[in-house]
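# Structural overview
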Amino acid sequence: MIIPYQQIDKDTLNNLIEHYVLREGTDYGDQEFSTDAKVEHVKSQLKTGEAIIVFSQLHESVNIVSKAQFQAMQSEEYAQYE
C-alpha cells in the first residue's frame with residue numbers, strides 16, 4: 001500500500017527518511033554527502049514521485065522505494081498469480 005508522504009507527521013517522516021539513508025547498503029557513489037543532504041535528497045524524490053513510501057501488511061513494515069522498484073515488486077506479485 002502506498003502511503004502519501006504528505007499524510008505522515010513531519011517528525012515521523014524525518015525519522016523514516018533518516019533511518020532509510022543510514023541503513024547499510026544505501027550508496028550515493030564516490031562522493032560523500034552529509035546525512036542532512038541525503039535526507040533532503042530523499043525528500044525531493046518523494047515530492048517529485050521518484051520515490052514512494054510503501055507499507056507492507058505482510059511484513060508490517062514501512063519502506064521507501066524508487067517508483068521503478070515498486071513497479072517491479074508489483075509485477076512480481078502479479079506474476080505469482082498467473
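Residues numbered from 1 in each chain as written. Predicted model: local features only at pLDDT ≥ 70, side-chain atom pairs only at ≥ 80, totals over all residues. Heavy atoms only, no water.

### Quick notes on the overall build of the protein
Scanning the protein from N- to C-terminus turns up three helices and three strands. For the protein, the residues scored as buried account for 23% of the 82 residues in total. In the protein, the proportion of contacts linking residues at least 24 apart, taken out of those at least 6 apart, comes to 40%. As displayed, the protein has an accessible area near 6400 Å², and 48% of this comes from carbon and sulfur atoms. (Helix = DSSP H or I, 4+ residues; strand = E, 2+ residues; numbered from the N terminus. Buried < 20%, exposed > 50% of the residue type's maximum accessible area, 1.4 Å probe, protein only. Contact = heavy atoms within 4.5 Å. Areas by Shrake-Rupley, 256 points an atom, 1.4 Å probe, with all protein chains shown as cover.)

### A word on helix α1 (residues 10–22)
The end-to-end C-alpha distance of α1 is 18 Å, a good match for the 18 Å that 13 residues give at a rise of 1.5 Å each. Among all positions of α1, only Leu13, Asn14, Leu16, Ile17, Tyr20 and Val21 are buried. Relative to the axis of α1, the buried residues are bounded by an arc of 160° and lie together on one face. In α1, the exposed positions that point more than 90 degrees away from the buried face belong to Asp11, Asn15, His19 and Leu22. Where α1 is buried, its residues touch α2 (35–48), β2 (51–56) and β3 (61–66). (Expected span 1.5 Å × (residues − 1). Arc of directions from axis to C-beta.)

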